[in-house]
Amino acid sequence: MALSQLNWQDRLHVLVGYCLLKTGRLTFDAFTEAELNDIVRPHFPIKVPLEVPIGEGYFECLEGQLTMPLSTNRLTLQLFCSVEIRALGTTIYRAHVAVSVSALPNYFPASRTLRFTDVRVDVVHLLNDRYSLLKDTQFIIDKLLPGPLSGLSSLLGQPLRSALSIVTAGSTEQALAYLRLYLQGNTQRILDYHKPKIEQQLLIELESRAIGYTLSDEVWREFLFARWGKRVVVEDKSLRFYFTE
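In short, a report on the structure. Note that this is a predicted model, so its numbers are computed, not measured. (Residues numbered from 1 in each chain as written. Predicted model: local features only at pLDDT ≥ 70, side-chain atom pairs only at ≥ 80, totals over all residues. Heavy atoms only, no water.)

**Regarding the overall build of the protein chain**
Then comes step 1: Tallying secondary structure elements over the protein chain gives eight helices and ten strands in all.
Then comes step 2: Counting only residues that meet the buried cut, the protein chain has 40% of its 245 residues in that class.
Then comes step 3: Considering only residue pairs separated by 6 or more positions, the protein chain has 57% of its internal contacts joining residues 24 or more positions apart.
Then comes step 4: Accessible area of the protein chain: about 13200 Å², with a carbon and sulfur share of 54%. (Helix = DSSP H or I, 4+ residues; strand = E, 2+ residues; numbered from the N terminus. Buried < 20%, exposed > 50% of the residue type's maximum accessible area, 1.4 Å probe, protein only. Contact = heavy atoms within 4.5 Å. Areas by Shrake-Rupley, 256 points an atom, 1.4 Å probe, with all protein chains shown as cover.)

As structure tokens, then:
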């Protein structure tokens with residue numbers, strides 16, 4: 001065993017752990033939700049762009065908390081997020097959103113790597129709070145068109161089409177369909193429109209950040225499991241690293 005990267009106290013921990021697992025008294029090591037959240041917390045906030053038909057959008061994960069439900073082998077990441085959409089320098093939509101993402105933990109002994117597979121977005125839920133903001137369509141029209149013309153565009157007619165053609169590089173029909181959502185003044189419907197893209201971008205971002213974690217020789221618990229560990233499961237609200245098949 002290459003123990004040179006560990007101090008004498010950690011080497012003693014490894015020796016004791018090795019003796020315990022060889023005598024059958026140590027079958028697994030467990031990480032609690034609190035321990036895992038100490039690892040996760042520094043990675044926030046996470047901000048990703050959100051494609052919109054007009055203007056620019058952002059989706060930001062402000063906080064995240066890992067939980068491990070008793071009824072499943074999946075880790076669940078509860079996210080507190082914000083959505084913001086801007087057009088012509090003004091915020092036209094803003095909301096807080098609760099998102100739940102889950103994944104299966106898998107351990108690969110040959111590479112000493114913990115990977116999360118079958119990552120999926122389970123819930124995207126609108127939070128109605130004081131942060132919410134929704135500008136009506138007339139406000140957007142007034143921003144797009146000069147004063148006398150804005151009144152002519154209340155039905156999203158030709159003057160607005162011409163203005164939109166300029167600010168959306170020609171994709172006028174898509175932009176008009178998008179602005180009609182604002183006519184209804186429904187924050188939830190606008191979120192529903194963006195939900196597929198939010199889920200897609202969030203999965204891309206999470207997978208790029210958490211493809212896998214290779215156990216370190218500089219941490220004695222990881223050193224021990226890297227040599228003799230077999231599998232990882234979610235069990236009894238903890239992430240258990242088993243030394244048995």
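**Quick look at unusual backbone geometry**
Then comes step 1: A cis amide bond links Phe 44 to the next residue, Pro 45, at an omega of 5°.
Then comes step 2: Mapped onto the elements of the fold, Pro 45 is located in the loop between α2 (33-40) and β2 (46-50).
Then comes step 3: Even without a glycine there, the phi angle at Arg 112 is positive, about 55°.
Then comes step 4: For Arg 112, the position within the fold is in the loop between β5 (90-108) and β6 (113-127).

**Re the pairing of β2**
Then comes step 1: Note that β2 and strand β3 (residues 56-67) share five bridges and pair antiparallel. Following the sheet pairing, Ile 46 is matched in β3 by Cys 61.
Then comes step 2: Where β2 hands over to β3, the hairpin turn is made up of five residues, of which Gly 55 adopts a positive phi near 85°. (Pairing = 2+ DSSP bridges.)

**Looking at a nonpolar patch on the surface**
Then comes step 1: On the surface, a nonpolar cluster with roughly 440 Å² of combined accessible area is contributed by Trp 8, Leu 12, Leu 15 and Val 16.
Then comes step 2: With respect to the helices and strands, the residue Val 16 is situated in helix α1 (residues 8-22). (Patch = residues over 30% accessible without salt bridge, like charges linked within 9 Å, V, L, I, M, F, W, Y side chains within 5 Å. Salt bridge = Lys/Arg side-chain N within 4 Å of Asp/Glu carboxyl O.)

**A look at the pairing of β5**
Then comes step 1: The element β5 is extensively covered by neighbouring structure, given that 14 of its 19 residues are classed as buried.
Then comes step 2: As defined by bridge partners, strand β4 (residues 75-87) adjoins β5 across 13 bridges and the pair is classed as antiparallel. Note on β5: the bridge partner recorded for Gln 78 is Ser 100.
Then comes step 3: Hairpin connection of β4 to β5: two residues between the antiparallel strands, including Leu 88 at a positive phi of 50°.
Then comes step 4: Both β5 and strand β7 (residues 133-134) contribute to a ladder of two bridges, which runs antiparallel. In the strand pairing of β7, Arg 94 is matched with Leu 133.

**Quick notes on the pattern of salt bridges**
Then comes step 1: Applying the stated criterion to the full structure yields 13 salt bridges.
Then comes step 2: Arg 120 is the partner of Asp 118 in a salt bridge, and the nearest nitrogen-oxygen pair spans 3.8 Å.
Then comes step 3: Asp 118 sits in the partly exposed class, given a relative accessible area of 43%.
Then comes step 4: As a salt-bridge pair, Arg 240 and Asp 236 come within 3.5 Å of each other at their nearest N and O atoms.
Then comes step 5: Given the relative accessible area of 56%, Asp 236 is considered exposed.
Then comes step 6: Each of Arg 74, Asp 118, Arg 120 and Asp 122 takes part in a single network of salt bridges with overlapping partners.

**Re the packing of aromatic side chains**
Then comes step 1: Evaluation of the coordinates by the stated rule reveals six aromatic pairs.
Then comes step 2: Judged by centre distance (5.0 Å) and plane angle (90°), the rings of Phe 225 and Phe 241 are edge-to-face. Here Phe 225 is found in helix α8 (residues 220-228), whereas its partner Phe 241 is found in strand β10 (residues 238-242), with 16 residues between them in sequence.
Then comes step 3: Classification of Phe 225 as buried rests on a relative accessible area of 2%. (Phe/Tyr/Trp six-rings, centres within 6.5 Å; stacked < 30°, edge-to-face > 60°.)

**Some points on the packing of α1 against α8**
Then comes step 1: Following both chains from N to C, one finds α1 and α8 inclined at 40°, their axes separated by 9 Å at the closest point. If you check the angle between α1 and α8, you find them oblique. Regarding α1 and α8, the two cross each other, and that crossing is right-handed. Facing Asp 10, His 13, Val 14, Gly 17, Tyr 18 and Leu 21 of α1, the residues of α8 in contact are Trp 220, Phe 223, Leu 224 and Trp 228. (Axes fitted to C-alpha atoms, helices over the stretch in contact; angles between N-to-C directions. Parallel < 35°, antiparallel > 145°, perpendicular 65-115°, else oblique. Left-handed = near helix turned anticlockwise from the far one by under 90°.)

**Remarks on the sheet that holds strand β1 (residues 28-32)**
Then comes step 1: Strand order in the open sheet formed by three strands is β1-β10-β9, with antiparallel pairing between adjacent strands. Bordering the open sheet on either side are β1 and β9 (231-235), each of which pairs with just one other strand. If you compare each strand with its neighbour and ignore which way they point, the axes differ by 25° on average.
Then comes step 2: Pairing analysis gives five bridges linking β1 to β10, with the strands arranged antiparallel. Residue pairing across strands places Phe 28 opposite Tyr 242, the latter belonging to β10.
Then comes step 3: Sitting on the sheet, α2 touches β1 and β10, and the angle it makes with β1 is about 65°.
Then comes step 4: The sheet strands contacting α8 are β1, β9 and β10, and the helix crosses β1 at an angle near 135°.

All quantities given are derived from atomic positions and should not be read as evidence of function.
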